[in-house]
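Listed below, chain by chain, are the residues.
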Amino acid sequence: MNTYERIYAVVRQIPSGKVATYGQVARLAGNPRWARVVGYALHVNPEPNNIPCYRVVDRMGNLSSAFAFGGTHAQRALLEADGVRISPDGRVDLVRYQWDGV
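Read on for an overview of the structure. (Residues numbered from 1 in each chain as written. Predicted model: local features only at pLDDT ≥ 70, side-chain atom pairs only at ≥ 80, totals over all residues. Heavy atoms only, no water.)

1. Examining the packing of aromatic side chains
Here is the rule we go by: A pair of aromatic rings is counted whenever rings of Phe, Tyr or Trp (Trp by its six-membered ring) have centres within 6.5 Å, and the orientation is called stacked for planes under 30 degrees apart, edge-to-face for over 60 and tilted otherwise. Comment: elements are numbered from the N terminus, with helices defined as DSSP H or I runs of at least four residues and strands as E runs of at least two. To sort residues, take the accessible area from a 1.4 Å probe on protein chains only and compare it with the maximum for the residue type: under 20% means buried, over 50% means exposed, and anything in between is partly exposed.
Applying the stated criterion to the full structure yields 1 aromatic pair. For the ring pair tyrosine 4 and tyrosine 8, a centre distance of 6.2 Å and an interplane angle of 70° mean the geometry is edge-to-face. Of this pair, tyrosine 4 and tyrosine 8 both sit in helix α1 (residues 3-12), separated by 4 residues, roughly a single helical turn. Among the residues examined, tyrosine 4 registers a relative accessible area of 30% and is labelled partly exposed.

Rendered as structure tokens:
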């Protein structure tokens, strides 16, 4: 399994109503130094209907301004549809919504 496939396998496991950080996905995919690689992989997500890349946020809970499928507004709408509340400043409360991993 190549690096991107490992990343996608982790992201597929993030349940509805939860988020993970880029660094968390990197660690679970096998290398804590891959946080930036996670971003690259999600940007070229080959199966957006099956790989919920919108559930990945930065280490502070911020939404991605470069969200590949429509920017911050699209990511916010998808997360809110999952039941994740976003603060007015565009952050997810990681204490409440961060996925505990596999």
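From this point, the discussion proceeds with the structure in view.
2. A short note on the pattern of salt bridges
Rule in force here: We count a salt bridge whenever a side-chain nitrogen from Lys or Arg sits within 4 Å of a carboxyl oxygen from Asp or Glu.
Scanning all chains against the criterion turns up 3 salt bridges. Ionic pairing is found between glutamate 47 and arginine 12, a salt bridge with its closest N-O pair at 3.2 Å. Note that glutamate 47 is positioned in the loop between α3 (35-43) and β2 (56-57) and arginine 12 in helix α1, a separation of 35 residues in sequence. In this structure arginine 12 comes out as partly exposed when scored by relative accessible area, which is 40%.

3. Some words on the side chain of arginine 55
The condition is simple: In protein, a polar contact means a hydrogen-donor-capable atom and an acceptor-capable atom, both N or O and within 3.5 Å, with residues adjacent in sequence counting only if both atoms are side-chain atoms; elsewhere, any N or O pair within 3.5 Å suffices. In what follows, residue pairs with any heavy atoms lying within 4.5 Å of each other are defined as contacts.
Residue position: arginine 55 is located in the loop between α3 and β2. Classification of arginine 55 by relative accessible area gives buried; the value is 10%. Reaching out from arginine 55, the side chain makes a polar contact with the side chain of tyrosine 54 at a distance of 3.1 Å. Leaving out residues up to four positions away in the same chain, arginine 55 has contacts with Ile14, Pro15, Ser16, Lys18, Val19, Ala20, Leu79 and Asp82.

4. Focus on a nonpolar patch on the surface
For the record, the criterion: Patches were defined on residues exceeding 30% relative accessible area and lacking a salt bridge, with like-charge contacts within 9 Å and nonpolar side-chain contacts (Val, Leu, Ile, Met, Phe, Trp, Tyr) within 5 Å. The method behind every accessible area is Shrake-Rupley, applied with a 1.4 Å probe, and residues are considered shielded solely by the protein chains displayed.
There is a patch of nonpolar side chains on the surface, built from Tyr4, Tyr40 and Val44 and spanning about 290 Å² of accessible area. With respect to the secondary-structure elements, tyrosine 40 resides in helix α3.

5. Regarding the nonpolar core
This is how the line gets drawn: Within this scheme, the nonpolar core is defined by two criteria: the residues are buried Ala, Val, Leu, Ile, Met, Phe, Trp, Tyr or Cys, and they are joined through side-chain atoms within 4.5 Å.
Ranked by size, the top nonpolar core spans 17 residues in total, and within it Ile7, Val11, Ile14, Val25, Val38, Leu42 and Val56 carry the most contacts. Residue assignment for this core shows that the elements contributing at least two residues are α1, α2 (22-29) and α3. Looking at this core, the element that brings in the most residues is α1, giving 4 residues. Dropping the residues within four chain positions of it, isoleucine 7 is found in contact with Val25, Ala29, Val37, Val38 and Ala41. Core analysis: the second largest hydrophobic core is formed by 10 residues, Tyr54, Val57, Leu79 and Val84 among them.

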